Amino acid sequence: MSEHVSRSRNLFFITEERKYKYLGGHLTINDFKIRIPSIGLKRKFTAIALLSIFEINEIQINDGYLLILHFEGGKRNISSKLFSKKHEYSEIKKMILIKTNYNSIS
């Protein structure tokens, strides 16, 4: 895989974190949360607990896709166009669906 993978040991869990280049920052996902870089010049991230995601939508815009995550406290989009490699969007989408136990995208 092209992303950076690191493992850390917490009290009871071994957590694997994957990092992707997204919009010039790094998007990260582990077993508990996803961190998405903000759009613009600010170097801020939105951290979303995977268990707080209650709805996932996907729309096609021209030749790209937008994954819309609805979570407690708001919503964030993940654009396929902002990854450095095309296949990374599909990997992230698959991981989010698996880790949130979400069955289908509307």
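One structure accompanies this document, and this report is about it. (Residues numbered from 1 in each chain as written. Predicted model: local features only at pLDDT ≥ 70, side-chain atom pairs only at ≥ 80, totals over all residues. Heavy atoms only, no water.)

Quick word on the pairing of strand β7 (residues 64–71)
Part 1 of the argument: Among the eight residues that make up β7, seven are buried, leaving the element largely enclosed by the rest of the structure.
Part 2 of the argument: Connecting the antiparallel pair strand β6 (residues 53–61) and β7 is a turn made up of two residues, with asparagine 62 showing a positive phi of about 50°.
Part 3 of the argument: When β7 meets strand β8 (residues 74–79), the two strands line up antiparallel, connected through six bridges. Within the sheet, the bridge partner assigned to leucine 67 lies in β8 and is isoleucine 78.
Part 4 of the argument: The hairpin formed by β7 and β8 contains two residues between the paired strands, and glycine 73 there has a positive phi angle of roughly 105°. (Buried < 20%, exposed > 50% of the residue type's maximum accessible area, 1.4 Å probe, protein only. Helix = DSSP H or I, 4+ residues; strand = E, 2+ residues; numbered from the N terminus. Pairing = 2+ DSSP bridges.)

Quick notes on the nonpolar core
Part 1 of the argument: By size, the foremost hydrophobic cluster in this structure holds 19 residues, and its most contacted members are Leu27, Ile34, Leu69, Ile78, Ile92 and Ile96.
Part 2 of the argument: Of all the secondary-structure elements, those providing two or more residues to this core are β2 (14–22), β3 (25–29), β4 (33–37), β6, β7 and α1 (87–100).
Part 3 of the argument: Residue contributions to this core peak at four residues, all from α1.
Part 4 of the argument: In this view, isoleucine 96 contacts Ile29, Ile34, Ile53, Ile56, Leu67, Leu69 and Ile78; residues no more than four positions away in its chain are not counted. (Core = buried A, V, L, I, M, F, W, Y, C linked by side-chain atoms within 4.5 Å. Contact = heavy atoms within 4.5 Å.)

Some words on the packing of aromatic side chains
Part 1 of the argument: Considering all chains together, one arrives at four aromatic pairs under this definition.
Part 2 of the argument: Between tyrosine 20 and phenylalanine 83, the aromatic rings sit 6.3 Å apart at their centres with planes inclined by 90°, giving edge-to-face as the arrangement. Here tyrosine 20, found in strand β2, pairs with phenylalanine 83, found in the loop between β8 and α1; they are 63 residues apart in sequence, far enough to count as distant. Like phenylalanine 83, tyrosine 20 is buried.
Part 3 of the argument: Among the aromatic side chains, those forming a connected cluster through ring pairs are Tyr20, Tyr22, Tyr65, Phe83 and Tyr89.
Part 4 of the argument: The ring centre of phenylalanine 45 lies 4.2 Å from the NZ or CZ of arginine 35, which sits over that ring. (Phe/Tyr/Trp six-rings, centres within 6.5 Å; stacked < 30°, edge-to-face > 60°. Lys NZ or Arg CZ within 6 Å of the ring centre and 35° of its normal.)

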